[in-house]
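This is what each chain is made of:
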Amino acid sequence: AQSVTQLDSQVPVFEEAPVELRCNYSSSVSVYLFWYVQYPNQGLQLLLKYLSGSTLVESINGFEAEFNKSQTSFHLRKPSVHISDTAEYFCAVSEAGSARQLTFGSGTQLTVLP
Amino acid sequence: NAGVTQTPKFQVLKTGQSMTLQCAQDMNHNSMYWYRQDPGMGLRLIYYSASEGTTDKGEVPNGYNVSRLNKREFSLRLESAAPSQTSVYFCASSDALGAKDTQYFGPGTRLTVL
């Protein structure tokens, strides 16, 4: 069975500082990896995903994540955060080539301080 | 194009009461899902529907029933609500039941069972 661990439940950071949100997964087979973002009082939105190919994936708003198979990690990074990045971020995994559903991590609340 | 819509947005029930949460999508997606979100636990899959006319149990189906009314609509029913069902409920849809498909989420229903 697959599982996801998000190591930090809360990450406060000052505006324009860099940030890294950590995600580790466990699976016995190849995986697809996702980061979803949830803004206050809204549903989840896909931020970025890794399916295959380049291990570095980017979003349109400056976030990036790198798939590291040896470390079984998919950490999310942004070099300079804005107040508007304040949200909860969820890492999720699914097994490649199957219809097995997404397994979500417990989430990391990113709070950007002025 | 409204995406995924859910009604109601908020609901308070007494223990033992029943209710149905409604979900509709206008993206012509084949697959639909119901999740619950609890603090510190991420999202857990309750039921899903791969296509019109089919439904399957997810990780936490006990106490719930679902109906895939047509391709657009997927409802979740609590027959006899319990305080343990206090949660935020999200409906989602995707083009297909594949591990790589992006899921699109509704804004959620906040349910309190007293």
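Structural notes, computed from the coordinates. All figures in this text were calculated on a predicted structure; none of them were measured in a lab. (Residues numbered from 1 in each chain as written. Chains lettered and ligands numbered in written order. Predicted model: local features only at pLDDT ≥ 70, side-chain atom pairs only at ≥ 80, totals over all residues. Heavy atoms only, no water.)

**Observations regarding the nonpolar core**
Nonpolar side chains tend to gather and get buried jointly when the protein is soluble and globular. Stated formally: Here the nonpolar core consists of buried residues drawn from Ala, Val, Leu, Ile, Met, Phe, Trp, Tyr and Cys, with membership extended through side-chain atoms lying within 4.5 Å. Note on exposure labels: buried denotes an accessible area under 20% of the residue type's maximum, exposed denotes more than 50%, and partly exposed covers the range between, all computed with a 1.4 Å probe on protein chains only. Only DSSP runs of H or I covering at least 4 residues are called helices, and only runs of E covering at least 2 are called strands; the numbering of each starts at the N terminus.
Leu33(A), Trp35(A), Leu47(A), Leu48(A), Phe74(A), Leu76(A) and Tyr89(A) are the most contacted members of the largest nonpolar core, which has 28 residues in total. Of all the secondary-structure elements, those providing two or more residues to this core are strand E2 (10-14), strand E3 (19-21), strand E5 (31-38), strand E6 (44-50), strand E8 (64-68), strand E9 (73-78), strand E10 (87-95) and strand E12 (108-113) of chain A.

**Observations concerning the sheet that holds strand E3 (residues 19-25) of chain B**
Residues and elements named next belong to chain B. The following threshold applies: Any two strands with at least two DSSP bridges between them are considered paired. To get an axis, a line is fitted to the C-alpha atoms, and for a helix only the part in contact is used. The angle between two axes follows their N-to-C directions and goes from 0 to 180 degrees.
Here four strands make up an open sheet; going across it, the order is E1-E3-E8-E7 and the pairing antiparallel. Edge positions in the sheet fall to strand E1 (4-7) and strand E7 (64-68), since each has one partner strand and no second. Looking at each pair of strands side by side, their axes are set apart by 20° on average, direction ignored. Pairing between E7 and strand E8 (residues 74-78): five bridges, direction antiparallel. Bridging from a neighbouring strand, Val66 pairs with Leu76 of E8.

**Thoughts on the state of the cysteines**
Just so we agree on the cut-off: Note on terminology: disulfide denotes any pair of cysteine sulfur atoms within 2.5 Å.
Taken as a whole, this structure holds two disulfides over all chains when the rule is applied. Here Cys23(A) engages in a disulfide with Cys91(A); their sulfurs sit 2.0 Å apart. Measuring handedness by torsion sign, the sulfur bridge of Cys23(A) and Cys91(A) sits at about -65° and is left-handed. A residue pair is termed long-range when its members are at least 10 positions apart, and Cys23(A) in the loop between E3 and strand E4 (24-26) and Cys91(A) in strand E10 qualify at 68 residues. We note that Cys23(A), like Cys91(A), is buried. With a sulfur-sulfur separation of 1.9 Å, Cys23(B) is cross-linked through a disulfide to Cys91(B). Its S-S torsion of approximately -70° makes the covalent link between Cys23(B) and Cys91(B) left-handed. Here Cys23(B), found in strand E3, pairs with Cys91(B), found in strand E9 (residues 87-94); they are 68 residues apart in sequence, far enough to count as distant. Both residues of the pair, Cys23(B) and Cys91(B), belong to the buried class.

**Examining the packing of aromatic side chains**
The line we're drawing: Each Phe, Tyr or Trp ring (for Trp, its six-membered ring) is paired with any other whose centre lies within 6.5 Å, and the angle between the two planes then decides the class: stacked below 30 degrees, edge-to-face above 60, tilted in between.
Inspection of the entire model under this criterion finds eleven aromatic pairs over all chains. Residues Tyr36(A) and Phe105(B) carry aromatic rings whose centres are separated by 5.6 Å and whose planes lie at 80° to one another, so their mutual orientation is edge-to-face. Of the two residues, Tyr36(A) sits in strand E5 while Phe105(B) sits in strand E10 (residues 104-105), which places them in two different chains. Tyr36(A) sits in the buried class, given a relative accessible area of 0%. Residues Tyr50(A) and Phe67(A) carry aromatic rings whose centres are separated by 4.5 Å and whose planes lie at 25° to one another, so their mutual orientation is stacked. Of this pair, Tyr50(A) sits in strand E6 while Phe67(A) sits in strand E8, and the two are 17 residues apart along the sequence.

**Observations regarding the side chain of Gln6(B)**
All names here are of chain B. So the rule is basically this: In protein, a polar contact requires one atom able to donate a hydrogen and another able to accept it; more generally it is a pair of N or O atoms within 3.5 Å, and residues adjacent in sequence count only if both atoms are side-chain atoms. For this analysis, residues touch if any pair of their heavy atoms sits within 4.5 Å.
Along the chain, Gln6 turns up in strand E1. The buried category is assigned to Gln6, whose relative accessible area is 4%. Polar contacts involving the side chain of Gln6 include one to the main-chain carbonyl oxygen of Tyr89, which spans 3.0 Å. In terms of polar contacts, Gln6 uses its side chain to reach the backbone amide nitrogen of Gly108, at 3.1 Å. Residues within four places of Gln6 in sequence aside, it is in contact with Gln22, Trp34, Tyr89, Phe90, Cys91, Gly106, Pro107, Gly108 and Thr109.

**Side note on the interface of chain A and chain B**
Cut-off, in case you're wondering: Two parts placed together each lose some accessible area under a 1.4 Å probe, and adding up what both lose gives the buried area. Criterion for a salt bridge: a side-chain nitrogen of Lys or Arg within 4 Å of a carboxyl oxygen of Asp or Glu. All amino acids are sorted into three groups, where Ala, Val, Leu, Ile, Met, Phe, Trp, Tyr, Cys and Pro are nonpolar, Asp, Glu, Lys and Arg are charged, and the leftover types, Gly among them, are polar.
Tallying the contact residues gives 22 residues for chain A and 20 residues for chain B. Here chain A packs against chain B, burying approximately 1600 Å² in sum over the two surfaces, 57% of which is carbon and sulfur. Three residues, Leu44(A), Gln101(A) and Phe104(A), lead the burial of chain A against chain B; their summed loss comes to 32% of the area buried on that side. One can count zero salt bridges joining chain A with chain B. If you look at where chain A meets chain B, you find three residue pairs in polar contact (both at pLDDT 80 or more). Those elements that provide at least two residues to the side of chain A that touches chain B are E5, E6 and E10 of chain A. It is E5(A) that provides the largest number of residues to the side of chain A that touches chain B, a total of four residues. Considering only residue class, the side of chain A that touches chain B consists of ten nonpolar, nine polar and three charged.

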